[in-house]
Amino acid sequence: MQEITLQELARQLNAELKGDPSRVIRRVNTLDKAGPDEVAFLSDSKYHSLLKNTRAGAVIVTSADQALCPVASLVMTDPYLGFALAAQALDTTPQPAVDIHPTAVIADDVTLGEGVAIGANAVIESGVVLGDGVVIGAGCFIGKGARLGANSRLWANVTLYHRVELGERCLVQSGAIIGGDGFGYANNKGEWVKIPQLGTVIIGNRVEIGAGTTIDRGALGDTCIADNVIIDNLCQVAHNVSIGYGTAIAGGTVMAGSLKVGKYCIIGGAVVINGHIEICDGVTITGMSMVMRPITEPGLYSSGIPLQPNKEWRKTAARVMRIDDMHKRLNRLEKQSDKKN
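The structure displayed is predicted, hence computed values, not measured ones.

1. Looking at the environment of valine 71
Then comes step 1: Counting through the fold element by element, valine 71 comes out in the loop between β6 (58-61) and β7 (72-75).
Then comes step 2: On the basis of relative accessibility, which here comes to 22%, the residue valine 71 falls in the partly exposed class.
Then comes step 3: Linking valine 71 and asparagine 53, residues 18 residues apart in sequence, is a C-alpha distance of 9.6 Å.
Then comes step 4: Non-local contacts of valine 71, meaning those with residues more than four positions away in its chain, are made with Thr54, Ala56, Gly57, Ala58 and Val59.

Here it is, written out as structure tokens:
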């Protein structure tokens, strides 16, 4: 179990402490459930009622809310950021592996940095380079010539195909597959002819990739993911996609080949994006949207029909099916009106 004093926690959060600096904190919890050895946070004023009744050992708050806090407080501009940092300080998640398990299969010419850990039944093929502090979970497969930067971690059953490059301090969750073939075929009179995918996947530093996500290797060039990108579970990133610095992609999103996504984009869950187009920097796309054309201006974009009661949705769907006829009728009426005027 992790534990930390409020004084040390305040130092790590760069927060102003109001309360007993020697109080020991062991966990992070919600305002309504936290106990005396736990820290909570308040980032939304609608939870003021929970703050007044909290039993937490301390609460991370803004200066505006500090006077309402009945317990010790850690005062900072962004309490949600404080929550993230406190959770890191008190994180009890185990490492994916410790030391090198005797059942791991490691080629003779693999380069192992200092402090590398490899779990049971992992397979590390010829020419792989593992940087200092790399952790490979049980059952992982690392293909020929792949490179992993210092302090990157792979949870169980991750697959990295040949020549994939993963930067420093990356985190890949279980079941992710990086470097599989892109969907490239030619058609010869009805018969599909496979196009070998000759590129690879190059991933920058501090990238996180969710469970079950697949990132395909490039057909000729490479699939490239910049530093500080976060990709949620069960996403599909096709061959030769490029994703810019600091972009966040929520679960279930599908990206077709040769798409270029800019910096600091936020893409909601289950979004589908066409290939061979470009999305500029600073774009936010809400969940379930379908992006078929380039986006050239920053901003918030949405598509699809929001949820309605079924009866209302059926009416909406019926009207949409008639929209072409309605448009033609409107044009006729406008022409008739113009003639009369």
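From this point on, the discussion continues.
2. Points about the state of the cysteines
Then comes step 1: One pass over the full model with this rule turns up zero disulfides.
Then comes step 2: Unpaired in terms of disulfides, cysteine 170 finds its nearest cysteine sulfur in cysteine 224, a separation of 14 Å.
Then comes step 3: What makes cysteine 170 buried here is its relative accessible area of 1%.
Then comes step 4: With no disulfide partner, cysteine 265 has as its closest neighbouring cysteine sulfur the one in cysteine 280, 6.6 Å distant.
Then comes step 5: Look at cysteine 265 and you get buried, because its relative accessible area is 1%.

3. What to know about the layout of surface pockets
Then comes step 1: If you add up the space inside the largest pocket, you get close to 380 Å³.
Then comes step 2: What lines the largest pocket is Gln88, Asp91, Thr93, Gln95, Asn151, Arg153, Trp155, Arg169, Cys170, Leu171, Gln173 and Glu208.
Then comes step 3: Partitioning the lining of the largest pocket into residue classes produces three nonpolar, five polar and four charged.

4. Quick word on the sheet that holds strand β29 (residues 242-243)
Then comes step 1: With parallel pairing, nine strands are arranged side by side in an open sheet as β9-β12-β15-β18-β23-β26-β29-β32-β35. A single partner strand is all that each edge strand has here, and the edge strands are β9 (111-112) and β35 (278-279).
Then comes step 2: Note that strand β32 (residues 260-261) and β35 share two bridges and pair parallel. Within β35, the residue paired with lysine 260 across the bridge is glutamate 278.

Cut-offs applied
Residues numbered from 1 in each chain as written. Predicted model: local features only at pLDDT ≥ 70, side-chain atom pairs only at ≥ 80, totals over all residues. Heavy atoms only, no water. Helix = DSSP H or I, 4+ residues; strand = E, 2+ residues; numbered from the N terminus. Buried < 20%, exposed > 50% of the residue type's maximum accessible area, 1.4 Å probe, protein only. Contact = heavy atoms within 4.5 Å. Disulfide = S-S within 2.5 Å. 1 Å grid on protein atoms, 1.4 Å probe; cavity = no way out; pocket = protein on both sides within 12 Å on 5 of 7 lines; lining within 4 Å. Points joined across faces, edges and corners; volume = space filled by probe spheres on them. Nonpolar A, V, L, I, M, F, W, Y, C, P; charged D, E, K, R; others polar. Pairing = 2+ DSSP bridges.

The analysis is restricted to geometry; functional conclusions fall outside its scope.
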